[in-house]
Structures are given as structure tokens and as C-alpha cells.
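Take a look at the letters that make up each chain.
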Amino acid sequence: MPVPPVETISEALRPLTERPDEAAVLCDIDGTLAPIVDRAEEATVPEGTSRLLGRIARRYRVVACISGRGSAEARRIVGVGGIAYAGAHGAELLLPGQAQAELVPAFATWADRVRDFAFGKDSAQLRTMRVRIEDKGAIVAFHWRGARDEAAALTQIQAIAGEAESAGFLTHWGRKVLEIRPPVPIDKGQAVRELLRQTPVRTAVFGGDDATDLDVFDVLRDLCSEGMLETAVCVGVRSDEGPPAIVERAGLVVDGTAGFVQVLEVLAG
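So, a few notes on the structure that sits alongside this text. Per chain, residue numbering runs from 1 following the sequence as it is written. Restriction of local features to residues with pLDDT of at least 70 applies here, the model being predicted, together with a cutoff of 80 or more for giving and counting side-chain atom pairs; totals for whole chains, interfaces and linings are based on all residues. Side-chain measures here rest on the full set of heavy atoms in the structure, leaving out hydrogens and waters.

**Focus on the environment of His89**
Here His89 is to be found in the loop between strand S3 (84-87) and strand S4 (92-94). Throughout this description, buried means an accessible area under 20% of the type-specific maximum (1.4 Å probe, protein chains only), exposed means over 50%, and partly exposed covers the range between. The buried category is assigned to His89, whose relative accessible area is 6%. Each C-alpha atom, one on His89 and one on Ile133, is 17 Å from the other, the two residues being 44 residues apart in sequence. We call two residues in contact when some of their heavy atoms are within 4.5 Å. If sequence neighbours within four positions are ignored, His89 has contacts with Ser67, Gly68, Lys136, Ile139, Glu179, Arg181, Ile186, Asp187, Lys188 and Thr212. Runs of H or I in DSSP of at least four residues are treated as helices and runs of E of at least two as strands, each being numbered from the N terminus.

**Considering the sheet that holds strand S1 (residues 23-27)**
Ordered by their spatial adjacency, 8 strands build an open sheet running S5-S4-S3-S2-S1-S10-S11-S12, and the pairing between neighbours is mixed. What marks the edges here is a single partner per strand, and that holds for strand S5 (102-103) and strand S12 (252-255). For two strands to be treated as a pair, DSSP must find no fewer than two bridges joining them. Bridge count for S3 against S4 is 3 bridges, and the pairing is antiparallel. Each residue of the ladder has a partner; that of Gly87, found in S4, is Glu92. Note on geometry: axes are lines fitted to C-alpha atoms, helical ones only across the stretch in contact, with angles between N-to-C directions running from 0 to 180 degrees. Strand contacts of helix H9 (residues 188-198): S1, strand S2 (62-66), S3 and S4, with the helix running at about 160 degrees to S2, the strand carrying the most contacts.

**So, unusual backbone geometry**
With a phi close to 50 degrees, Ala88 is a non-glycine residue in the positive phi region. Relative to the elements of secondary structure, Ala88 occurs in the loop between S3 and S4. Of the residues examined, Ala88 reaches a relative accessible area of 1% and is grouped as buried. Positive phi outside glycine occurs at His89, with the angle close to 55 degrees.

**Observations concerning empty space enclosed by the protein**
The way it works is a 1 Å grid over only the protein atoms, where trapped points that fit a 1.4 Å probe form a cavity and open points with protein on both sides within 12 Å along at least five of seven lines form a pocket, and then any residue with an atom within 4 Å of a point lines it. Grid points are joined across faces, edges and corners, and a volume is the space filled by probe spheres set on the points. Applying the stated criterion across every chain, the model contains 1 cavity of 30 Å³ or more. What the largest cavity holds in volume is close to 460 Å³. At the level of elements, strand S8 (170-174) and strand S9 (177-181) are the ones that each hand at least two residues to the lining of the largest cavity. In terms of residue count, S8 provides more of the lining of the largest cavity than any other element does, 3 residues in total.

This is a description of form; function is not addressed.
This is the structure we're talking about:
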């Protein structure tokens with residue numbers, strides 16, 4: 001699929017750029033704002049991208065990052081204080097001006113149990129393989145990108161996933177990452193629905209690159225069907241590792257984080 005010219009992007013985003021005071025700009029972080037890296041903790045949003053997002057925040061009614069990371073970590077990586085952050089796939093919500101995120105109550109009751117289970121699986125073998133464990137609050141993630149032997153590491157992590165499911169936890173697989181989650185239904189789409197319930201808008205755009213971002217595509221479509229939104233633009237950020245559905249179900253497709261910068265430039269005006 002060819003890269004869309006700026007004119008095509010501008011036309012797709014016109015409903016938002018013509019009425020920014022009634023629009024929401026929403027985006028994923030890793031793979032959308034920040035390039036994917038071997039170690040999740042080393043991910044950064046380029047300074048120019050952060051500046052663009054800051055300009056957008058001053059223009060649009062709602063601006064938010066929707067991430068699998070904890071909301072405080074997401075805010076640190078993005079570096080823009082005046083926007084909202086929905087973290088842990090929607091389990092946390094950190095609004096502009098808040099010092100601390102609000103955790104969905106049902107998630108909060110499971111946080112210690114998830115941590116105890118996940119960190120109890122830490123071992124010298126996993127560390128030798130260079131499998132990394134990330135604490136996301138009520139979610140804990142096992143990363144094997146860059147492991148000495150990724151196939152062997154995956155075998156170990158698949159065993160951990162089986163034990164987690166037997167123990168009553170939910171598991172979620174991403175791009176070379178396994179998340180152990182509380183058995184509480186939550187996703188990025190629910191976070192977007194809650195954000196837009198609190199601050200209604202007429203139009204919205206969301207950019208994402210991975211399977212969890214498809215939940216936001218679904219919710220934006222539903223909000224249009226319900227009459228809560230007039231227009232929603234789903235931007236698929238194409239990558240070699242991303243699921244085909246991101247491209248197939250998007251209304252606008254761009255290549256990688258550089259392509260999404262074009263979207264931000266049009267929104268910033």
C-alpha cells in the first residue's frame with residue numbers, strides 16, 4: 001500500500017482540524033509515538049514529536065495517550081504534562097493536573113496477587129536468557145525481545161502463561177511480550193469510552209499499531225453508531241510486526257512512527 005500524501009492525510013483529518021474545540025486526538029505510544037526498541041524501558045518519544053503533541057494539546061478539546069504502560073510511566077516517556085494518559089490498557093486514568101492515576105477498583109484488589117505470582121516466576125534461568133520483567137502496576141509483563149535465544153525464551157514464557165491461566169489470571173500476548181493481568185475485563189477501548197464520556201466531543205482520531213489498539217477502533221465505530229460521535233478516524237501505523245488487521249481496518253494508514261508524525265503535523269496546523 002503506498003504512503004498517503006499529505007493532502008490525503010489533511011482531507012481525512014479535516015473534520016477535526018476545522019473544529020478542534022470539539023475534537024479528540026488519541027494515540028498509542030509504543031510503535032506510534034515512540035519507535036519500538038529491544039528494551040521497553042529504553043523507549044523514548046522524540047523531542048520533536050513531544051513538541052508537536054504539546055501544540056496539539058493547546059488546540060484540541062481532548063488529547064490523550066492510551067498505553068499498555070502504567071500511566072505515570074507513559075507520561076514520563078511522552079513528556080507532555082497537559083494531556084490525559086490511560087495506562088495499563090485502560091485500568092488507570094491520569095487526567096491533566098492530577099498527581100496520581102485513578103485505578104479501576106476491581107483491578108486494585110488484584111494488583112498484589114498479580115505481582116506476587118509474576119515476580120515469583122523470576123529465576124536465574126530467565127535472567128540468563130535476558131527475559132525482562134516489567135511492573136505495570138496491576139499488570140506485569142515478561143519481555144523476550146533481544147533474548148539470547150528468543151525461541152527458547154518463548155518456550156519458558158509459554159509455560160508461565162499456562163501457570164498464570166491455571167491460577168486464575170488473564171494473559172495477553174503482544175509483540176514479544178506476555179502480560180499477566182487480573183481477571184477483570186478491561187481494554188484500551190473502554191478507557192477511550194470513559195474519557196469521551198467525561199468530556200464529550202463531536203469528532204475523534206486515534207492512531208495505533210498493535211492488536212490492543214483494535215479495541216479502540218471498535219469503540220470509536222460504536223460511538224459513531226450510537227450517535228455520540230459524528231466522525232472517527234482510525235489511523236493504522238503499519239510495521240513489520242504489527243497485525244494485518246491494523247492496516248485492514250484503518251481508515252488511514254501510515255508507515256511507522258515517522259508516518260504518524262505527518263498526522264500530528266497536520267493536526268498541529
